[in-house]
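Secondary and tertiary structure notes
One-letter residues, chain by chain:
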Amino acid sequence: EPEVTQTPSHQVTQMGQEVILRCVPISNHLYFYWYRQILGQKVEFLVSFYNNEISEKSEIFDDQFSVERPDGSNFTLKIRSTKLEDSAMYFCASRRARESYEQYFGPGTRLTVT
Amino acid sequence: AQTVTQSQPEMSVQEAETVTLSCTYDTSESNYYLFWYKQPPSRQMILVIRQEAYKQQNATENRFSVNFQKAAKSFSLKISDSQLGDTAMYFCAFMREYGNKLVFGAGTILRVKS
């Protein structure tokens, strides 16, 4: 069964450094998402991406964040200058089509900012 | 804005027993989608069951079923014949029709005891 994959599983970085989190969505899916879960808290929407552009973003997704689909398979989240409060689990999700409303999640990347 | 409330931070159940997790939501939309996601200790988000608001029939997936009460804006999850592998955090989530993002509740930790 196809699944969403994410790399790395755990990333440790120093405050102020740039990080890129990578995701490979399910191959025939058209909609892509990033969510964040700070330890012990609820899962929060960051951004959605469709047709090579951002379709919606939350207030968390400020200028420090960017997303890209550099080729036909990868979907990346970049944080330009990490802060301590960016430490969280980051989940990528994908969805097949507009009329198919289920989102399938990857295993997550645990980001630790020191 | 939509909100999702899970009023039970933690629950426990004996193996083979039945447990019900509560979820309420607030929306002015007439059609929407509701989901339950399971997050075991591995932190992977797994889709358990989904419900379309325009369908009156409650969704069922093997041992998992929902009690969807549209007028009361309630969407509870019933797990029958609980198994040790059901131990996880369970999140209720909402998505508007033609919407993009999932809005999650705070989650309920379920512990299945042998």
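Right above here is the structure, for reference.
This section reports on the structure supplied with the text. (Residues numbered from 1 in each chain as written. Chains lettered and ligands numbered in written order. Predicted model: local features only at pLDDT ≥ 70, side-chain atom pairs only at ≥ 80, totals over all residues. Heavy atoms only, no water.)

Across the contact, 23 residues belong to chain A and 21 residues belong to chain B. Between chain A and chain B the total buried area reaches about 2,100 Å² when both faces are included, carbon and sulfur atoms providing 52% of it. When the buried surface of chain A facing chain B is broken down by residue, Lys42(A), Tyr101(A) and Phe105(A) rank first, second and third, together holding 31% of it. Here chain A is connected to chain B by 2 salt bridges. One salt bridge connects Glu56(A) with Lys101(B), and the closest N-O pair in it is separated by 3.7 Å. At the boundary of chain A with chain B, the tally comes to 13 residue pairs in polar contact (both at pLDDT 80 or more). At the level of elements, β4 (31-37), β5 (44-50), β6 (53-57), β9 (88-95) and β10 (104-105) of chain A are the ones that each hand at least two residues to the side of chain A that touches chain B. (Contact = heavy atoms within 4.5 Å. Buried area = accessible area lost by both parts, 1.4 Å probe. Salt bridge = Lys/Arg side-chain N within 4 Å of Asp/Glu carboxyl O. Polar contact = N/O pair within 3.5 Å; in protein donor to acceptor, adjacent residues only side chain to side chain. Helix = DSSP H or I, 4+ residues; strand = E, 2+ residues; numbered from the N terminus.)

Let us look at the packing of aromatic side chains. The tally for this structure, following the rule as stated, stands at 22 aromatic pairs over all chains. Centroid distance Tyr33(A) to Tyr35(A): 6.2 Å. Interplanar angle 35°. Geometry classified as tilted. Taken as a pair, Tyr33(A) and Tyr35(A) share a single burial class, namely buried. Ring centres 5.9 Å apart and planes at 25° place the aromatic pair Trp34(A) and Phe75(A) in the stacked group. Note that Trp34(A) is positioned in strand β4 and Phe75(A) in strand β8 (residues 75-79), a separation of 41 residues in sequence. Just as Trp34(A) is buried, Phe75(A) falls in that class too. Taken together, the aromatic side chains of Tyr33(A), Tyr35(A), Phe45(A), Phe91(A), Tyr101(A), Phe105(A), Tyr33(B), Phe35(B), Tyr37(B), Phe91(B) and Phe104(B) make up a single cluster linked through ring pairs. (Phe/Tyr/Trp six-rings, centres within 6.5 Å; stacked < 30°, edge-to-face > 60°. Buried < 20%, exposed > 50% of the residue type's maximum accessible area, 1.4 Å probe, protein only.)

Quick look at the layout of surface pockets now. In this model, the largest pocket occupies a volume close to 360 Å³. Taken together, 14 residues form the lining of the largest pocket, with Glu1(A), Pro2(A), Glu3(A), Tyr104(A) and Phe105(A) sitting closest to its centre. Of all the elements in the fold, those that place two or more residues in the lining of the largest pocket are β10 of chain A together with β6 (46-52) of chain B. For the lining of the largest pocket, the per-class residue count stands at 10 nonpolar, 2 polar and 2 charged. Taken as a whole, the second largest pocket holds about 260 Å³ of empty space. Lining the second largest pocket are 14 residues, with Val43(A), Glu44(A), Phe45(A), Lys101(B) and Val103(B) sitting closest to its centre. Elements represented by at least two residues in the lining of the second largest pocket include exactly β5 of chain A together with β1 (3-5) and β11 (103-104) of chain B. Residue composition of the lining of the second largest pocket, by class: 7 nonpolar, 3 polar and 4 charged. (1 Å grid on protein atoms, 1.4 Å probe; cavity = no way out; pocket = protein on both sides within 12 Å on 5 of 7 lines; lining within 4 Å. Points joined across faces, edges and corners; volume = space filled by probe spheres on them. Nonpolar A, V, L, I, M, F, W, Y, C, P; charged D, E, K, R; others polar.)

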